[in-house]
Amino acid sequence: MEPGYLLLVTSLATSFSAFLLFVAKKWELGEIFLYISTSTAFAALLLLINYFVTDTFSVWYVYANSNAEMPLLYKISAVWAGKEGTLLLWAVFNLQVTSLYINWGRKDERKARVAALMTLFTSYLTANILLFFNPFVTLPYTPPNGAGLNPLLRTIEMIFHPPVVFLAYSLSALLFSVTLANSDGERTLARLTWIFLTLGIVIGGWWAYRTLNWGGFWGWDPVENASLLPWLTLTAYFHITRGKEHFAYLTFSLVLFATLITRSGIISSVHSFGGEVSDYSYILPILVSLTPTISKIRQLSISSLCNQNLPIIFSSAAVVVFLGTMAGVFVTVEREYYLITFLPVFALITFLVALKIRKISMPTTLLHLGVILLFVGATSVWLLEDVETITITQNSTGDFSLLDLRIGEDAEKYTVTAFIKTPEGVATPKLYVYKVAGNKVVSSVEIIPELFWDNYYSIKDLDWKSGTITLEYYCVPLINAVWIGSALMVFGALLRFSGKSF
Amino acid sequence: MVEKKFSIVALIVFTVLAIIVLYHNISPYLTPSELVGREKAENVQVVGKIVSVNGNTFQLSDGKCSITVIYNGSIQQYNTEVVVVGNWDGKVLQATEVLQKCHTEYKGG
């Protein structure tokens, strides 16, 4: 049997044993089993990385996502290019954060309860890997080369995006367990989860802006929406005094909901992997994770929710995003829906932030300044972005003309570089024509930044015979405010760890 | 207490408003970028602009993505959006009908 599969079976057996032992109050033994499970799952991940690095194409998952000519970094990031690898990554992170958490401070009964919940959830994930998403399936022969990584994922951002997102997901599971077990460190965990969730969303937006050629960082794509939902409830968590545990529970339920949306492909989006029935296995943990919310719904007095306006406002934002996402299952939801409903709520939040900004500590002030900048940037991109289609040849006169077309070739692809005279200087958008990975043509944008806007060029169409190029030109106003605002938010949140409240 | 009730009422009113706005901003039509994510889809209505015509195939684009459409009939490159009815096999859309979108009315074309 494939050694990786064996490692995963061991990890499942030990994590489930650990769960039983924690429940039976045999804590010390449970802890040992937890560590065995963590080590074996991590070993399985390292083995999978090793298969990618050494081009072991007899493993189907390696064959499907990699090829020999890829740079080393992309071979590693190809590990999390599919469902199998990301699920494994999630299980490993779950076990690692749990192992770290129980060694943080005094070990007591509440920590054991946290470990029990986490090992149970991880067992469910690992069982899913073994049954439906085994990354160690081997082919009966060894193909000479792999099919190659999806060209859209061959970017620096995609090396970091999935690990950051799944670390955030593991932390949100831990936050859920810690809250339910009434254990220590809730606030620190909530902050850590928030930082990684934010980073995950921002890296995703940055990738979309630079890779997807439509001049935007946020397309109200169902998967983007689904990632925004737990972020909204977790942000609300920090702005509520009583009844905050409900927002911790809800955040994890929404994380699972996001996983379901992303993987099942019930709503098509840039992320869809193509759905299978087994992807609906997330429905069970979603329902289970809702039980504390539902069972304690009576304790959730209306007065605790409403003692400030903010929880209501955040809930409104979450409601509109949720409604739009669910409607997306059946029909196409126009962008205007989100602009009409979400933007006013966002404006209200920003207004309240601006009112209170002087009354808070320095790190929190930075974070909130980030929110204001993000609002300014996002609003101007959403409302004021300008797009123009430009068709040019070498004989074009006027602001734009085609100076030169050059073709380069490497082991994987042809690169067509267009040298275009623009009012801002020479722009060089490119087209990559891949020989691997299904002969995909990927357009690479050229962004000429100015202080207050980005000049964003992408090639839409290229006609060799007549030497005509169709360009799409976007003038993206104040996009820098989005990036600087997001960076300030994360930076401010990080700074808060330096204070005493940690 | 009055204030608390006000918050709840505000949330409900807002939700109702959101649903009304949502109702006015949905369309049964798919866009090319939504279609490329799907493996197969039969009898779909895809909305987009014809960007280039080549024989009896043309490119339909929504600005983000473009797909290849095969259509046995005369195609004219309109400057407005069209609705293409047909079957999607994962690579090309076999069109059965191409409709010109004209504000709220649709004409055969």
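Calculation rules
- Residues numbered from 1 in each chain as written.
- Chains lettered and ligands numbered in written order.
- Predicted model: local features only at pLDDT ≥ 70, side-chain atom pairs only at ≥ 80, totals over all residues.
- Helix = DSSP H or I, 4+ residues; strand = E, 2+ residues; numbered from the N terminus.
- Rg over C-alpha atoms; globule rule 2.2 N^0.38 Å.
- Buried ≥ 20, exposed ≤ 12 C-beta atoms within 10 Å, placed from the backbone.
- Expected span 1.5 Å × (residues − 1).
- Pairing = 2+ DSSP bridges.
- Axes fitted to C-alpha atoms, helices over the stretch in contact; angles between N-to-C directions.
- Contact = placed C-beta atoms within 7 Å.
- Nonpolar A, V, L, I, M, F, W, Y, C, P; charged D, E, K, R; others polar.
- Parallel < 35°, antiparallel > 145°, perpendicular 65-115°, else oblique.
- Left-handed = near helix turned anticlockwise from the far one by under 90°.
- pLDDT = per-residue confidence, 0-100.

A. Fine view of the overall build of chain A. A tally of helices and strands in chain A yields 16 helices and ten strands. Relative to a compact globule of 502 residues, whose C-alpha radius of gyration would be 23 Å, chain A shows 24 Å and is just as compact. Projected onto the principal axes, the alpha-carbon positions of chain A cover approximately 80 × 65 × 45 Å. By the burial criterion, 48% of the 502 residues in chain A qualify as buried.

B. Looking closely at helix α8 (residues 186-211) of chain A. Residue and element names in this part refer to chain A. Taking 1.5 Å of rise per residue, the 26 residues of α8 would be expected to cover 38 Å, and the 37 Å separating its terminal C-alpha atoms lies within 8% of that figure. When you tally the buried positions in α8, you get 21 out of 26 residues, the bulk of the element. Backbone geometry just downstream of α8 places Asn213 in the positive-phi region, at approximately 65 degrees.

C. Spatial organisation of the sheet that holds strand β10 (residues 468-477) of chain A. All names here are of chain A. The antiparallel open sheet is built from four strands, whose spatial order is β2-β10-β9-β8. With partners counted over all chains shown, the strands left at the sheet margins are β2 (386-392) and β8 (446-449), one partner each. Shown here is a sheet whose adjacent strand axes are inclined to one another by a mean of 20 degrees, direction ignored. Both β2 and β10 contribute to a ladder of seven bridges, which runs antiparallel.

D. Fine view of the interface of chain B and chain A. Across the boundary between the two partners, chain B contributes 26 residues, which contact 27 residues of chain A. Elements with a contribution of two residues or more to the side of chain B that touches chain A: α1 (2-24), β1 (26-27) and β2 (41-54) of chain B. Among the elements that take part in the side of chain B that touches chain A, α1 of chain B stands out by supplying eleven residues, more than any other. Grouping the constituent residues of the side of chain B that touches chain A by class yields 13 nonpolar, eight polar and five charged. One ladder, built from two bridges, connects strand β1 (residues 332-333) of chain A with β1 of chain B; its direction is antiparallel. By the bridge assignment, Thr332 of chain A is partnered in β1 of chain B with Ser27 of chain B.

E. Focus on the packing of helix α2 (residues 27-53) of chain A against helix α6 (residues 109-131) of chain A. All names here are of chain A. One can describe the packing of α2 onto α6 by two numbers: an axis separation of 11 Å at closest approach and a directional angle of 40 degrees. Judged by the inter-axis angle, α2 sits oblique to α6. Crossing geometry of α2 relative to α6 is assigned as left-handed. In this structure, α2 contributes Trp27, Gly30 and Leu34 to the contact, and α6 contributes Ala112, Ala115 and Thr119. Among the residues forming the contact of α2 with α6, the class breakdown is four nonpolar, two polar and no charged.

F. Geometry of the packing of helix α7 (residues 157-180) of chain A against α8 of chain A. Residues and elements named next belong to chain A. It is the contact of α7 with α8, at a shortest axis distance of 8 Å, that shows an interaxial angle of 155 degrees. In terms of orientation, α7 and α8 fall into the roughly antiparallel class. Between α7 and α8 lies a crossing of left-handed hand. Class assignment of the residues belonging to the contact of α7 with α8 gives a composition of 19 nonpolar, six polar and two charged.

G. Main features of the pairing of strand β9 (residues 453-463) of chain A. All names here are of chain A. In terms of strand pairing, β8 meets β9 through four bridges, oriented antiparallel. By the bridge assignment, Ile448 is partnered in β9 with Asn455. Linking β8 back to β9 in an antiparallel pair, the connection comprises three residues. Strand direction decides the pairing type here: β9 and β10, joined by ten bridges, are antiparallel.

H. Local environment of helix α13 (residues 310-327) of chain A. In this model α13 of chain A runs 26 Å from its N-terminal to its C-terminal C-alpha over 18 residues, within 8% of the 26 Å that 1.5 Å per residue would give. Taken as a whole, α13 of chain A has its buried residues at Pro311, Ile313, Phe314, Ser315, Ser316, Ala317, Ala318, Val320, Val321, Gly324 and Thr325 of chain A.

I. Just unusual backbone geometry, in detail. Residues and elements named next belong to chain A. Its identity is not glycine, yet Lys25 carries a phi of approximately 65 degrees, on the positive side. Locating Lys25 in the fold gives a position in the loop between α1 (3-23) and α2. Positive phi outside glycine occurs at Asn213, with the angle close to 65 degrees. By the secondary structure assignment, Asn213 is in the loop between α8 and α9 (222-237).

J. View of the environment of Phe22 of chain A. Residues and elements named next belong to chain A. Mapped onto the secondary structure, Phe22 falls in helix α1. On a C-alpha basis, the gap between Phe22 and Leu117 in space is 9.2 Å, while along the polypeptide they are 95 residues apart. Non-local contacts of Phe22, meaning those with residues more than four positions away in its chain, are made with Trp27, Gly30, Ala112, Ala115, Ala116 and Thr119.

K. The arrangement of the confidence of the model for chain B in detail. Residue and element names in this part refer to chain B. Residues of chain B with pLDDT of at least 70 account for 83%, and the chain-wide mean is 76. Taken element by element, chain B is modelled with least confidence in strand β7 (residues 105-108), mean pLDDT 37, and with most confidence in strand β4 (residues 66-70), mean pLDDT 86. With pLDDT under 50 throughout, residues 102-109 is counted as low confidence; its partners more than four residues away or in other chains account for 13 contacts. The ipTM, which scores confidence in the relative placement of chains, is 0.74 for this predicted complex, and the corresponding pTM is 0.87.

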